Amino acid sequence: MVVAYVILVLYVLSMVAITIYSKNRTRSVNDFLMAGKKGLNGWMSAFAYGTTYFSAVIFIGYAGKFGQSYQLAATWIGIGNAFIGSLLAWKVLAKRTKVMTHRLDTKTMPEFFEKRYESTKLKIFSAILIFVFLIPYSVSVYNGLSNLFEMVFGIPGWAIMLILAGITALYLFFGGYFATALSDFVQGIIMLIGVVLMVLFFLKSEYVNWDISTLRWFTFSSEKTGLFGDTVSLISLIFLTSFGVWALPQTIHKYHTVRDDKAINQGMIVSTVFALIIGFGAYFTGGLSQLDGFSQSLTNVGSDDVIPTMLKLLGQPWLLGIIAVLILSASMSTLSSVSLSSASVVAIDLYKGKINKNASDKKVNTIMRVLCLIFVAISVILAILNDIYHISAIAYLMGLSWGVLAGCFLGPYVLGLVWKRTTRTATWVSIITSLVMTVVLIIVFGYAKLDFNGPFELAIQNGINSSPLIGSICMCLSIILTFIVSLCTKAPSKETIQKAFENKE
């Protein structure tokens, strides 16, 4: 166990070193949010994208729960993430986002909505949504990490969450996006090495011994998981986690900062390979939980504790250290990106955009740094409360956050990039409909089987399997409604269309 602690300490020291190295490179808002005028190369952009995409949630919440439900069929989620959430997303969105946001002079998604659809109200409302609904995602990341450290290292969950929050806040406050991207590159390398080692050691362990012939790759268990059963549940998971990132502000931000066309092509390939290794490896490991050797030891273990328990059974302290740092790396990179996205929409879109339009660049930069700290503090407090009351709902919180934001923004953002006819009214319809449908579907799917005389935790557990389906329904509605309503409403002005689509670089 000493080896594991040594690896952990070395990792923390490397993050501190990155903070010190990058603290003098963030003098302006552009430096803090966009990593300077030149942007990032393809490798750094790809690793920033991949480490933001995958967090502790995939290793602790998703891989454990859905590996138990679908065995090795869960690996199709990781494959979908690689080819739809990375390769296709970069192919369709990266260059278009880079070019259009440069033409419109926007730094955030709410700013994009304001200038693309000529609506300040739309900017303000979307900024509020982003800040509010990224908090559950951040909470789920903290909880996922605390589960691992509490089980494997014996460190109380609240303590590791506070330490993690402190380190994240440190390099975010002083280094901004450059520090985040640099740490993401280091963390991405750790994640790749860790996942490969994790899979290899599980396969050669006495619990597996290279024999996975009894596990299913294409058929699912007969147990019902939600209203429509396993097949629809798995498809909705693939859809949510693969297409959801097409409209999440923390992943879209990576396209803003990529340097040029060469970097975009490079980033597309590297991010796809990265996602394939991480996604496949995580869900493959989760699927191994259904082998007899592991399943007997997981009988009374909650879904959020499946992977930590399996790791502990291997009995390799140095490997535990690497995997702990792997999951810590995934968590910190995601938390920093989420915090930066949330802080930027409040500082730029709400404060400078509405409250104080004449605010200096220095003042906005300071406010954005402080808001990063506030977002981290809110998230960790809610995560600790969630841990105290033992609501085992990491997958639910993740699904809720992704589903709501992607449901609101998928149609307006993607169609707004590729189709001149997309309208402001259609954007409002997509956002409002998604919010209303989320509430309705949570009541129908999440609480339909609830015994109202039972504990509150039961309500959450009933909703865990349905949250990806809820998000998927809202995302499909967003595309359909945005398209139909755009055809039936007044087109954007010629000036807006010319500026967004036809300006010469």
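Heads up: these notes are all about the structure in this document.

Reading guide: rules and limits
Residues numbered from 1 in each chain as written. Predicted model: local features only at pLDDT ≥ 70, side-chain atom pairs only at ≥ 80, totals over all residues. Heavy atoms only, no water. Helix = DSSP H or I, 4+ residues; strand = E, 2+ residues; numbered from the N terminus. Buried < 20%, exposed > 50% of the residue type's maximum accessible area, 1.4 Å probe, protein only. Contact = heavy atoms within 4.5 Å. Areas by Shrake-Rupley, 256 points an atom, 1.4 Å probe, with all protein chains shown as cover. Salt bridge = Lys/Arg side-chain N within 4 Å of Asp/Glu carboxyl O. Disulfide = S-S within 2.5 Å. Core = buried A, V, L, I, M, F, W, Y, C linked by side-chain atoms within 4.5 Å. Phe/Tyr/Trp six-rings, centres within 6.5 Å; stacked < 30°, edge-to-face > 60°. Lys NZ or Arg CZ within 6 Å of the ring centre and 35° of its normal. Axes fitted to C-alpha atoms, helices over the stretch in contact; angles between N-to-C directions. Parallel < 35°, antiparallel > 145°, perpendicular 65-115°, else oblique. Left-handed = near helix turned anticlockwise from the far one by under 90°. Nonpolar A, V, L, I, M, F, W, Y, C, P; charged D, E, K, R; others polar.

**Details of the overall build of the protein**
Phase 1: A tally of helices and strands in the protein yields 20 helices and zero strands.
Phase 2: Counting all 505 residues of the protein, 60% fall into the buried class.
Phase 3: Taking contacts inside the protein between residues at least 6 apart in sequence as the whole, the part at least 24 apart equals 87%.
Phase 4: Roughly 19200 Å² of accessible area belongs to the protein as shown, and the carbon and sulfur atoms make up 66% of that amount.

**Brief notes about the pattern of salt bridges**
Pairs may arise between side chains of opposite charge once their charged atoms sit close together.
Phase 1: Enumeration over the complete set of coordinates arrives at two salt bridges.
Phase 2: In this structure, Asp-261 and Lys-95 form a salt bridge, with 3.4 Å as the shortest nitrogen-oxygen distance. With a gap of 166 residues between them, Asp-261 in helix H11 (residues 261–287) and Lys-95 in helix H5 (residues 75–104) connect regions that are remote in the sequence.
Phase 3: Given a relative accessible area of 41%, Asp-261 falls into the partly exposed group.
Phase 4: In this structure, the salt-bridge partner of Glu-114 is Lys-123, at a minimum N-O distance of 3.4 Å. For the pair formed by Glu-114 and Lys-123, the shared burial category is buried.

**Quick look at the state of the cysteines**
Phase 1: Under the criterion given, the structure shown has zero disulfides.
Phase 2: Cys-474 takes part in no disulfide bond, and the closest cysteine sulfur to it belongs to Cys-408, at a distance of 7.8 Å.
Phase 3: The thiol of Cys-476 is unpaired, and the distance to the nearest cysteine sulfur, on Cys-474, comes to 9.4 Å.

**Comments concerning the nonpolar core**
Phase 1: Core analysis: the largest hydrophobic core is formed by 145 residues, its most contacted members being Phe-59, Tyr-142 and Phe-409.
Phase 2: Residue contributions to this core peak at 20 residues, all from helix H14 (residues 317–355).
Phase 3: With residues near it in sequence (within four places) discarded, Phe-409 still touches Met-109, Phe-113, Ser-126, Leu-129, Ile-130, Ala-247, Val-414, Ile-431 and Ser-478.

**What about the packing of aromatic side chains?**
The relative placement of two aromatic rings is captured by the distance of their centres and the angle of their planes.
Phase 1: This structure, assessed with the given rule, holds 21 aromatic pairs.
Phase 2: Summarising the aromatic geometry, the rings of Phe-66 and Tyr-70 are spaced 6.1 Å apart at their centres and angled 5° between planes, so their arrangement reads as stacked. Taken together, the residues span about one helical turn, with Phe-66 and Tyr-70 both in helix H4 (residues 56–70) at a distance of four residues.
Phase 3: Note on Phe-66: relative accessible area 1%, which makes it buried.
Phase 4: Judged by centre distance (4.8 Å) and plane angle (20°), the ring pair of Tyr-207 and Phe-294 falls under stacked. Of this pair, Tyr-207 sits in the loop between helix H8 (157–204) and helix H9 (230–243) while Phe-294 sits in helix H12 (residues 292–295); the two residues are 87 residues apart in sequence, bridging distant segments of the chain.
Phase 5: Taking relative accessible area as the criterion, Tyr-207 reaches 22% and is therefore assigned partly exposed.
Phase 6: Using a relative accessible area of 0% as the deciding quantity, one classes Phe-294 as buried.
Phase 7: Ring-pair connections join several aromatic residues into one group, and the members of that group are Tyr-49, Tyr-53, Phe-54, Trp-90 and Tyr-255.
Phase 8: Positioned over the ring face of Phe-201 is Lys-204, at 5.4 Å from the centre of the ring.

**Focus: the packing of H5 against H11**
Phase 1: Interaxial distance between H5 and H11 falls to 7 Å at its minimum, and their mutual angle equals 165°. Our classification of the angle between H5 and H11 gives roughly antiparallel. Crossing handedness for the pair H5 and H11: right-handed.
Phase 2: For the contact of H5 with H11, the class distribution of residues is 15 nonpolar, eight polar and three charged.

**As for unusual backbone geometry**
Phase 1: A positive phi angle is found at Gln-71, which is not glycine, with a value near 55°.
Phase 2: You can see Gln-71 is positioned in the loop between H4 and H5.
Phase 3: Judged by its relative accessible area of 9%, Gln-71 is buried.
Phase 4: Phi at Glu-118 is positive, roughly 55°, even though this residue is not glycine.

**Observations regarding the packing of H5 against helix H20 (residues 494–502)**
Phase 1: Close contact between H5 and H20 brings their axes to 8 Å; oriented N to C, the two are set at 130°. The angle between H5 and H20 places the two elements in the oblique class. Taken together, the residues of H20 that come into contact with H5 (itself represented by Met-100, Arg-103 and Leu-104) are Lys-499, Ala-500, Phe-501 and Glu-502.
Phase 2: Its residues assigned to classes, the contact of H5 with H20 comprises four nonpolar, no polar and three charged.

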